[in-house]
Amino acid sequence: MQSNLSGWKQKVVAFAAGLGAPGLFLISFLDSSVLTFPVINDLLLIELSIQRPARMPLYALMAALGSVLGCVLLFFIAEKGGEALFHKHAGKRAQAIHNWVVHNGFGGMLIAALLPPPTPFKVFVVAAGVFEVPLFSFTSAIALARAIRYFGMGYLAIRYGANALPYLAMHKWQVAGVIIGLIAASYALSRLILRHRPKDGMVN
């Protein structure tokens, strides 16, 4: 799980793994903010969920919460002066990412957060801070996306064991497509229902 990490990061991961749920929160927070621990939080969630299936909801919640707070921290860092950082990492995609984040708001951040690697999600987080996406919309989108990701991964861990991550890696685009499709359909249905809601005074 730690073979591709530098020495000090391996120590952080080992420390976090020994803490259980709080350690999962720590790794998720760091990975979503100022550091990068590629797929370590996913692997740790799977490992802990296999060991203690009854505690999977707690592990998924801690991973999601840590990731959301890490993204919020990165959002505020970018808001205070991350435009140069955004352009450095976004490169030729800067204008496209800018337009996506600014014009799509909650939905844009939700879809970006659900897309599988190698999507450069942190660039979208930085863009949200730089271009002043409303904090509530940003946080809500990230929270929903992370809940879907980690609770879904916890479920797969209980069902498929150590094969959960390889299964996701093999079917990542199909899984992302299905989830995004379901969310889009739910959004369209809610808009349709609201468009045809009864006028005030007509409800029995």
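Residues numbered from 1 in each chain as written. Predicted model: local features only at pLDDT ≥ 70, side-chain atom pairs only at ≥ 80, totals over all residues. Heavy atoms only, no water.

Digging into the overall build of the protein chain
For the protein chain, the helix and strand inventory stands at 10 helices and zero strands. Seen in sequence order, the protein chain has helices and strands lined up from the N terminus as α-α-α-α-α-α-α-α-α-α. Relative to its 204 residues, the protein chain shows a buried fraction of 38%. Carbon and sulfur atoms provide 66% of the accessible area of the protein chain, an area that totals close to 11,500 Å². (Helix = DSSP H or I, 4+ residues; strand = E, 2+ residues; numbered from the N terminus. Buried < 20%, exposed > 50% of the residue type's maximum accessible area, 1.4 Å probe, protein only. Areas by Shrake-Rupley, 256 points an atom, 1.4 Å probe, with all protein chains shown as cover.)

Here we look at the pattern of salt bridges
Summed over the entire model, instances satisfying the criterion amount to one salt bridge. Between arginine 149 and aspartate 42 there is a salt bridge; the shortest N-O distance is 2.7 Å. Residue arginine 149 is located in helix 8 (residues 135-160), and its partner aspartate 42 is located in helix 3 (residues 40-51); the two are separated by 107 residues in the primary sequence. (Salt bridge = Lys/Arg side-chain N within 4 Å of Asp/Glu carboxyl O.)

Comments concerning the environment of serine 49
One can find serine 49 in helix 3. Among the residues examined, serine 49 registers a relative accessible area of 0% and is labelled buried. When neighbours within four sequence positions are excluded, serine 49 is seen to be in contact with Met56, Tyr59, Gly154, Ala157 and Ile158. (Contact = heavy atoms within 4.5 Å.)

Some points on the packing of helix 6 (residues 94-114) against helix 7 (residues 121-130)
For the pair helix 6 and helix 7, interaxial distance at closest approach is 10 Å and the crossing angle is 120°. In this view, helix 6 runs oblique relative to helix 7, as classed from their interaxial angle. In terms of crossing hand, the pair formed by helix 6 and helix 7 is left-handed. Contacts from Ile97, Trp100, Val101, Met109, Ala112 and Ala113 in helix 6 reach Phe121, Val123, Phe124, Val125, Ala127 and Ala128 in helix 7. (Axes fitted to C-alpha atoms, helices over the stretch in contact; angles between N-to-C directions. Parallel < 35°, antiparallel > 145°, perpendicular 65-115°, else oblique. Left-handed = near helix turned anticlockwise from the far one by under 90°.)

Regarding helix 6
Given 3.6 residues per helical turn, the α-helix brings residues three or four places apart onto the same face. Counted at 1.5 Å a residue, the expected span for helix 6 with its 21 residues is 30 Å, but the 20 Å between its end C-alpha atoms falls short. Maximum bend of helix 6: about 130°, positioned at glycine 105. Residues of helix 6 that are buried include every one of Ala94, Ile97, Val101, Gly105, Gly108, Met109, Leu110, Ala112, Ala113 and Leu114, and no others. (Expected span 1.5 Å × (residues − 1). Bend = angle between axes of the 7 residues up to and from the residue.)

Some remarks on the confidence of the model for the protein chain
On average, residues of the protein chain carry a pLDDT of 79, and 76% of them reach 70 or more. Least confident of the elements in the protein chain is helix 10 (residues 172-195), whose mean pLDDT is 57; most confident is helix 4 (residues 56-79), at 94. A low-confidence stretch, residues 196-204 (pLDDT under 50), is modelled with one contact involving residues beyond four sequence positions or located in other chains. (pLDDT = per-residue confidence, 0-100.)

Re the side chain of serine 33
Of note, serine 33 is situated in the loop between helix 2 (21-32) and helix 3. Filtering out sequence-adjacent residues up to four positions away, serine 33 remains in contact with Gly70, Leu73, Leu74 and Lys122.

A look at the nonpolar core
Membership of the largest hydrophobic core comes to 29 residues, with the highest contact counts inside it found for Phe86, Ile97, Val101, Met109, Phe121, Phe138 and Ile142. Of all the elements in the fold, those that place two or more residues in this core are helix 4, helix 5 (83-90), helix 6, helix 7 and helix 8. For valine 101, the residues in contact, after removing those within four places along its chain, are Met109, Phe124, Ala127, Ala128 and Val133. Listed in part, the 14 residues of the second largest apolar core include Ile46, Met56, Ala63 and Met153. (Core = buried A, V, L, I, M, F, W, Y, C linked by side-chain atoms within 4.5 Å.)

What to know about the packing of aromatic side chains
Taken as a whole and assessed by the stated rule, the structure comprises four aromatic pairs. Taking 5.7 Å as the distance between ring centres and 80° as the angle between the ring planes, the aromatic pair formed by phenylalanine 75 and phenylalanine 76 counts as edge-to-face. Ring centres of phenylalanine 86 and phenylalanine 131 lie 5.3 Å apart, and the angle between their planes is 90°; on these two criteria the pair is classed as edge-to-face. One end of the pair, phenylalanine 86, is in helix 5; the other, phenylalanine 131, is in the loop between helix 7 and helix 8, with 45 residues separating them in the sequence. Relative accessible area serves as the criterion here: at 1%, phenylalanine 86 is assigned to the buried category. Overall, phenylalanine 131 belongs to the partly exposed group, its relative accessible area being 23%. In this structure an aromatic cluster arises from ring pairing among Phe75, Phe76 and Phe138. (Phe/Tyr/Trp six-rings, centres within 6.5 Å; stacked < 30°, edge-to-face > 60°.)

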